[in-house]
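So the chains spell out like this:
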Amino acid sequence: MARFAVRNRPSLVQDVMMKRTGSGLSSGSLSRRALLATIAFAAAALCGCASMEIEPASDVWRTANGLVYYSSPGPLPPGSVLTVRVIDNSNPAMGPMIVGEASITDPAPSPAPFAFEFRAEDPVLRRGLSLEARISVEGRLRYSNQASHSVNASNLGTVRELYLAQTGI
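Draft legend 1. Main features of the pairing of strand β8 (residues 160-166). When strand β1 (residues 61-69) meets β8, the two strands line up parallel, connected through four bridges. Each bridged residue has a counterpart across the sheet, and for L67 the counterpart in β8 is E161. Two strands pair when backbone bridges link them, and strand β6 (residues 140-145) and β8 are joined in this way by three bridges, in the antiparallel orientation. Residue Y143 lies in a different strand from β8, and its bridge partner there is Q166.

The following block contains the structure:
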């Protein structure tokens, strides 16, 4: 029976640790508590980072593409110019600003295709841009679009169809 009591008795090192700390915990449980405290502190510090929304900057180069429809009694005269523009009308004090433009000399018969890149950051797209087309013959405006065509982040990939009406001859 004496042997059993000796085995349950704390070792000399454990006895000294109990007297130093006054807690009755062994050095193994102290290092475990320190490790758990460090992990808890690190987790608490990193929890704040989990709510941050970090998005990579999107590409500012966008593409406008589509077809321009116009009714002409015959082919357009040589030297005719089809101009398609992306315009920012968001600041009335500055007036319309051309964000991107493509000019096509001697365009194809209707429907004339167009495609060009323009630069617009996300805040500009959220405000909205407009798309316009016109055809000039010998420097005089002959055709222009009457309807407004909106360009924004949700419809960037859309192939546009612009219908031009004849203006004064």
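There's more to say after this.
Draft legend 2. Inspection of the packing of aromatic side chains at higher detail. Here the structure, examined in full by the defined rule, presents four aromatic pairs. For the ring pair Y69 and Y163, a centre distance of 4.7 Å and an interplane angle of 15° mean the geometry is stacked. Here Y69 is found in strand β1, whereas its partner Y163 is found in strand β8, with 94 residues between them in sequence. Overall, Y69 belongs to the partly exposed group, its relative accessible area being 22%.

Draft legend 3. Seen up close, the side chain of S80. Looking at the secondary structure, you find S80 in the loop between β1 and β2 (81-88). S80 sits in the buried class, given a relative accessible area of 0%. Among the polar contacts made by the side chain of S80, one reaches the main-chain carbonyl oxygen of P77 at a distance of 2.6 Å. What S80 contacts, discounting residues up to four positions off in sequence, is I104, T105, D106, P107, S136 and V137.

Draft legend 4. Molecular detail of the nonpolar core. If you look at the biggest cluster of nonpolar residues, it comprises 24 residues, and the most contacted ones within it are V68, V84, F114, F116, F118, L129 and L164. Those elements that place two or more of their residues in this core are β1, β2, β4 (112-119), α4 (122-127), β5 (129-137) and β8. Setting aside residues no more than four positions away along its own chain, F114 makes contact with A64, N65, G66, L67, V68, V84, I104, L131, R160 and L162.

Draft legend 5. Molecular detail of the pattern of salt bridges. What the rule picks out here adds up to six salt bridges. With its nearest N and O atoms 2.7 Å apart, the salt bridge here joins D122 to R62. Taken together, the residues D122 in helix α4 and R62 in strand β1 connect sequence positions 60 residues apart. For the salt bridge of E101 with R85, the shortest nitrogen-to-oxygen distance reads 2.6 Å.

Draft legend 6. Quick peek at unusual backbone geometry. Cis geometry is adopted by the peptide bond preceding P111, which originates at S110 and carries an omega value of 0°. By the element assignment, P111 lies in the loop between β3 (97-105) and β4. In this model, D106 sits at a positive phi of 50°, which is unusual for a non-glycine residue. The topology assignment puts D106 in the loop between β3 and β4. Located in the positive-phi region is E138, a residue other than glycine, with phi close to 50°. Mapped onto the secondary structure, E138 falls in the loop between β5 and β6.

The rules behind each value
Residues numbered from 1 in each chain as written. Predicted model: local features only at pLDDT ≥ 70, side-chain atom pairs only at ≥ 80, totals over all residues. Heavy atoms only, no water. Pairing = 2+ DSSP bridges. Helix = DSSP H or I, 4+ residues; strand = E, 2+ residues; numbered from the N terminus. Phe/Tyr/Trp six-rings, centres within 6.5 Å; stacked < 30°, edge-to-face > 60°. Buried < 20%, exposed > 50% of the residue type's maximum accessible area, 1.4 Å probe, protein only. Polar contact = N/O pair within 3.5 Å; in protein donor to acceptor, adjacent residues only side chain to side chain. Contact = heavy atoms within 4.5 Å. Core = buried A, V, L, I, M, F, W, Y, C linked by side-chain atoms within 4.5 Å. Salt bridge = Lys/Arg side-chain N within 4 Å of Asp/Glu carboxyl O.

Such coordinate-based values are descriptive only and should not be taken to indicate function.
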